[in-house]
Amino acid sequence: DKQEINNGLIERLEQLMEYKSLNQRSLSKEIDLVIQRSINIVIKKSNTIDFELIYRLASHFSDIDTNWLIQGTGEMLLTSEQPTASNEKRQIKQAD
């Protein structure tokens, strides 16, 4: 159900904000999201989270597991053993 998925994303967004000690305004500034309104709408559970917000969160917070953010699986924080996009790029370059 779309609403259930959205509610899960909102809960994880709120957990992320709490962990990073950010409110809606500071999170918007942190990820260069010009329109704070989109985070306000999401937090109020009156709309769905859009791709741009998820992309900006995943791109900016490299210590956050995107599987956790999007699907709710695993832990919020990446461990040193878990691959990240930047680690994978380094591994590919080293293999060349």
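Residues numbered from 1 in each chain as written. Predicted model: local features only at pLDDT ≥ 70, side-chain atom pairs only at ≥ 80, totals over all residues. Heavy atoms only, no water.

**Digging into the pattern of salt bridges**
For the structure on display, the rule yields two salt bridges. Of the charged contacts, one joins Lys20 and Asp63 as a salt bridge, the two residues approaching to 2.8 Å between their closest N and O atoms. Highlighted residues: Lys20 in the loop between helix 1 (2-19) and helix 2 (24-30) and Asp63 in the loop between helix 4 (51-60) and helix 5 (66-71), separated in sequence by 43 residues. Judged by its relative accessible area of 25%, Lys20 falls in the partly exposed class. The partner of Glu52 in a salt bridge is Arg56, and the shortest N-O contact between them spans 2.9 Å. One end of the pair, Glu52, and the other, Arg56, are both in helix 4, four residues apart, so they sit about a helical turn from each other. Take Glu52: its relative accessible area is 39%, and that puts it in the partly exposed class. Accessibility expressed as a relative area gives 25% for Arg56, which makes it partly exposed. (Salt bridge = Lys/Arg side-chain N within 4 Å of Asp/Glu carboxyl O. Helix = DSSP H or I, 4+ residues; strand = E, 2+ residues; numbered from the N terminus. Buried < 20%, exposed > 50% of the residue type's maximum accessible area, 1.4 Å probe, protein only.)

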